[in-house]
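For reference, the chains in residue letters:
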Amino acid sequence: MRDIKQLHPQLQLKIAELQLLCKKKGLNIGIGECLRTVAEQDALYAQGRTKPGLKVTNARGSTYSSQHQWGLACDFYRNDGKGAFYDSDGFFTKVGKLAKSIGLGWGGDWKSPVDKPHLYLPQWGSTTSALRSAYGTPDKFMRTWDNTILNYKIGGTYRTTKPCYLRLSPAGKKLDYKDAPDYIKAKSTKQSGKVSFKKGATFVLMEVAEKNGNYWGRMKTGYWVPLRYKSALRAIICK
Ligand SMILES: [Zn+2]
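This text gives an overview of the structure that appears in the document.

### Some remarks on the sheet that holds strand β10 (residues 224-229)
And step 1. Taken in spatial order, the 6 strands of this open sheet run β11-β10-β9-β8-β5-β12, and their pairing is antiparallel. Two strands bound the open sheet, and with one partner strand each, they are β11 (232-233) and β12 (235-237).

Here it is as structure tokens:
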């Protein structure tokens, strides 16, 4: 199925981020296969075995061994008119590198089969064995998904619910007061050390990123603020 909305919410955010990044670099991608049912996986497994074609997967449907069945993977294709899988100019490797730069896993790094269109969330490993032992079936895993993250509005104005440190990247280094521009300094509770954004400080949300279960927002100014930290909301949208 080509429905991005059936994928893990973190993967949905990563795909949106990757599409922006690819656009900036002049790489036009489309998203193809997303979540796959048991029957769909079995049909793919048959290809190159009991049905004609090249082998495209080592995963049988009933074993839940494809990341697609867990909503953790999608395949991209080329969308610039040169052919969906035309790769003589290294297109797929370029996109794979960008995907890895934002924390996605890439099937182009696999050995058997090499799967250049395949992107996945790597938190659970490059196979599904950890998922199978922890959850058994994809259904059970999907019940643990937190879709609230998808409610964040890119371009919306948010305000902080507590003082919080600004960072140079999601969960990365804190911003030093001395390095901050004046309009950021004006919103800090302290005038030395690290910038601590006041409670109620407003910002425009440009991007959302997840790291270790916490959610971070990139402001227009490029710095990152916590949106949700240890399950507590740290920023809410202004009415
Ligand atoms: Zn795939």
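### Some words on helix α2 (residues 38-46)
And step 1. Restricting attention to buried positions, one finds in α2 the residues Q41, Y45 and A46. Considered in projection along α2, the buried side chains sweep an arc of 140° and stay on one side of the axis.
And step 2. Downstream of α2 by a residue or two, G48 has a phi angle that is positive, lying close to 85°.

### Considering the pairing of strand β5 (residues 157-160)
And step 1. Side chains Y158 and T160 of β5 all project onto a buried face; the interleaved residues T157 and R159 project onto a face where none is buried.
And step 2. Judged from the 3 bridges that link them, β5 and strand β8 (residues 202-211) form a sheet pairing that is antiparallel. Residue pairing in the sheet places R159 in a bridge with T202 of β8.
And step 3. Looking at chain direction, β5 and β12 are connected through 3 bridges and run antiparallel. For Y158, the partnering residue across the bridge sits in β12 and is I237.

### Re helix α1 (residues 9-24)
And step 1. With 16 residues, α1 extends 23 Å between its outermost C-alpha atoms, agreeing within 8% with the 22 Å of an ideal straight helix rising 1.5 Å per residue.
And step 2. Next to the buried residues of α1 lie β1 (29-31), β2 (73-78), α3 (91-101), β4 (118-120), β8 and β9 (214-219).
And step 3. Looking one or two residues past α1, G26 carries a phi angle of roughly 75°, positive in sign.

### Considering the sheet that holds β1
And step 1. With antiparallel pairing, the 4 strands of this open sheet are ordered in space as β1-β2-β4-β3. Pairing within the sheet leaves two strands with one partner each, and these edge strands are β1 and β3 (105-106).
And step 2. In this sheet, β4 lies alongside β2 in antiparallel orientation, the contact comprising 3 bridges. Paired with A73 across the strands is Y120, a residue of β4.
And step 3. The strands that α1 touches are β1, β2 and β4; relative to β1, the one it contacts most, it runs at about 160°.
And step 4. Packed onto the sheet, α3 meets β1, β2, β3 and β4 and runs at close to 140° relative to β2.

What counts and how
Residues numbered from 1 in each chain as written. Predicted model: local features only at pLDDT ≥ 70, side-chain atom pairs only at ≥ 80, totals over all residues. Heavy atoms only, no water. Pairing = 2+ DSSP bridges. Helix = DSSP H or I, 4+ residues; strand = E, 2+ residues; numbered from the N terminus. Buried < 20%, exposed > 50% of the residue type's maximum accessible area, 1.4 Å probe, protein only. Arc of directions from axis to C-beta. Expected span 1.5 Å × (residues − 1). Contact = heavy atoms within 4.5 Å. Axes fitted to C-alpha atoms, helices over the stretch in contact; angles between N-to-C directions.

That's the geometry; what it means functionally is another story.
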